[in-house]
Amino acid sequence: MAARRRLKRVAASQSGFLSFKSPSDPTASVGSRRKRVNKNKKKNWNKYSDVNDVDEFLEDVRHQERTTGGLLSEKADDSLFFLDLGQPEKPQPQAETPQADEGRKRKGKASRPLRIDLILKPDSLVPPPKDILAYQQPNAKKLRRIAEKAERLAAKGVVPRKQKRLLNRRPIDRTVKKAVAEANNNPDRDYYDIWGQEPKVSADPWYLQQTGKKLVKRPAKLNEKPSVLPAVEVIAPGGSYNPDFFSHQALLQEAHQVEVQKKKQEDKLERQLAINKKDKATEETNLREQVEGLVEEENDDEELAPSKEDDEAALAAIAVTQKKSEKQIKKEKAEKFKEQQRLTSRRQTERQQQLFQLRSIKASIRQQEEKTKSKQMQRRIKQEAQKAQPRRLGKLKFQAPDLDVQLSDELAGSLRQLKPEGSILKDRFKSFQKRNLIEPRERAKFKRKLKVKYVEKRAFREIT
């Protein structure tokens, strides 16, 4: 309280303050006796502190600032008072043409401010507060030290590293004229597609390469579509609500072929899983399994008697282990040399014979080239056909959806009686899989973590 009174006394004692209100306040109580309160306790500060006079003083100061832009005592007399000399005499209007009169009225009407501008115009003369953050600079102290260091080095004649790199750059050819930018209001200019065109890089390529800001070249493969199929495939003519007879029969035939193929796959699976009749157990095989191990066969003599094959193997092993004589070694070398000479002479004879077979060789080479070209063409056709087929992107294969077809007795005569077939959401999902945008998926199976315990209620147990 004492601080607020002191502030009021100091403000009132200043020469630049002039209050709008009279110095005498009739609301102030003169004869009332003040209550003695201990101001040392914080709970009594706001409860027993009268700040109305301070608030009135501050509100008066704010009112003067809003209306006049400052305190009245600090204003000049010319801005507060004016000399009333009465109404000035109006000059005699001269004869004017109607066109000039109309132009003058129109000009005066255009100079008037609009009502909306007057409403939006601020009625306070207090200037907006100064934005301190607009004048602050991050790392100002660090930048100031760097600038001071650069000034000291420049005074010594030392060139910084960045400036050296700039000086060592290749000179720019100023003779090349820059392309003149086309005006925005030109109706004949080309249409600019912000999604289809790449951003134009106007910086120096050498600078982009040195600073590491050069854009990576987009691979051409990323511009290719994963599939040549259209996003929305048009259904066959037989799938409309009122189809032609022949087109509807063709669609039914296609659906029939699909079902026949499914039936063949199921039959093939059943045949593969079926049990072979030869593998079934008979009475004879059952009896043999039961008595196996109970009857012992006497084959000891046969096992001990040596066979003829064992004798021949033993003699061959003995012949190999015997050391060859020098005569035998020379004879084997001579035979090997004769065999090599015979093979060499045969090769030379074949080469000589090929000279007389040039025509047949050329014909065979031509046939081989044609065969290779046909294989390449077939491979290329197969690759083009595979572009329209879904690829294997995951562990599951793509399963074509069922055809949405209605039988002849299910056809509706009008759109009101038409029954919807299929689902748009499933159709779009299958289209994404068919166009290789997402991998084929299946719904996650629910796995129960806790075992279910079945308990009979007491009432049910009494009945049973």
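Residues numbered from 1 in each chain as written. Predicted model: local features only at pLDDT ≥ 70, side-chain atom pairs only at ≥ 80, totals over all residues. Heavy atoms only, no water.

Draft legend 1. Structural view of the overall build of the protein. Within the protein, the regular secondary structure consists of 16 helices and zero strands. Looking at the protein residue by residue over its 464 residues, the buried ones come to 6%. By sequence separation, contacts in the protein at least 24 residues apart represent 69% of the contacts at least 6 residues apart. Approximately 46600 Å² of the protein is accessible, and the part contributed by carbon and sulfur atoms is 54%. (Helix = DSSP H or I, 4+ residues; strand = E, 2+ residues; numbered from the N terminus. Buried < 20%, exposed > 50% of the residue type's maximum accessible area, 1.4 Å probe, protein only. Contact = heavy atoms within 4.5 Å. Areas by Shrake-Rupley, 256 points an atom, 1.4 Å probe, with all protein chains shown as cover.)

Draft legend 2. The arrangement of the packing of aromatic side chains in detail. Evaluation of the coordinates by the stated rule reveals one aromatic pair. Geometrically, the ring pair formed by Phe245 and Phe246 is edge-to-face, given 5.5 Å between the ring centres and 80° between the ring planes. For the pair Phe245 and Phe246, a shared accessibility class is recorded, and that class is exposed. (Phe/Tyr/Trp six-rings, centres within 6.5 Å; stacked < 30°, edge-to-face > 60°.)

Draft legend 3. Local environment of unusual backbone geometry. In the Ramachandran plot, Asn139 falls in the positive-phi region, its phi being about 55° despite a non-glycine side chain. On the secondary structure map, Asn139 appears in the loop between α5 (115–120) and α6 (140–156). Residues other than glycine seldom take positive phi values, yet Asn436 does so here, at roughly 65°. You can see Asn436 is positioned in the loop between α15 (424–434) and α16 (458–463). Residue classification places Asn436 among the buried positions, given a relative accessible area of 7%.

Draft legend 4. Region of interest: helix α2 (residues 52–68). End to end, α2 covers 24 Å across 17 residues, agreeing with the expected 24 Å (1.5 Å per residue, within 8%). Looking at α2, one finds that the buried residues are Val54, Phe57, Asp60, Val61 and Gln64. Considered in projection along α2, the buried side chains sweep an arc of 125° and stay on one side of the axis. (Expected span 1.5 Å × (residues − 1). Arc of directions from axis to C-beta.)

Draft legend 5. Structural detail: the pattern of salt bridges. In this structure the tally under the stated criterion is twelve salt bridges. In this structure, Lys263 engages Asp267 in a salt bridge whose closest nitrogen and oxygen atoms are separated by 3.9 Å. Pair noted here: Lys263 and Asp267 are both in helix α9 (residues 245–273), with a separation of four residues, about one helical turn. The exposure class assigned to Asp267 is partly exposed, which follows from its relative accessible area of 25%. (Salt bridge = Lys/Arg side-chain N within 4 Å of Asp/Glu carboxyl O.)

Draft legend 6. Structural view of a positive patch on the surface. On the surface, Lys35, Lys41, Lys43 and Lys47 cluster together into a patch of positive charge. Along the chain, Lys41 falls in the loop between α1 (2–13) and α2. Residue Lys41 is classed as partly exposed on the basis of its relative accessible area, which comes to 44%. (Patch = residues over 30% accessible without salt bridge, like charges linked within 9 Å, V, L, I, M, F, W, Y side chains within 5 Å. Lys, Arg positive; Asp, Glu negative; His and termini not counted. Charge placed at Lys NZ, Arg CZ, Asp CG, Glu CD.)

Draft legend 7. Examining α15 more closely. The N-cap residue of α15 is Ser423: its side-chain oxygen and the backbone nitrogen of Leu425 are 3.4 Å apart. Two residues or fewer after α15 comes Asn436, characterised by a positive phi angle close to 65°. (Polar contact = N/O pair within 3.5 Å; in protein donor to acceptor, adjacent residues only side chain to side chain.)

Draft legend 8. Region of the structure containing a nonpolar patch on the surface. Together, Leu114, Ile116, Ile119 and Leu120 make up a nonpolar patch on the protein surface, roughly 430 Å² of accessible area in all. Tracing the chain through its elements places Leu120 in helix α5.

Draft legend 9. Quick look at the confidence of the model for the protein. Across the protein, pLDDT averages 80, with 77% of residues at or above 70. In the model, residues 22–30 has pLDDT below 50 throughout and makes one contact with residues more than four positions away in sequence or in other chains. (pLDDT = per-residue confidence, 0-100.)

Draft legend 10. Representation of a negative patch on the surface. A cluster of acidic side chains, namely Asp404, Asp409, Glu410 and Glu421, defines a negative patch on the protein surface. Mapped onto the fold, Glu410 is located in the loop between α14 (358–387) and α15.

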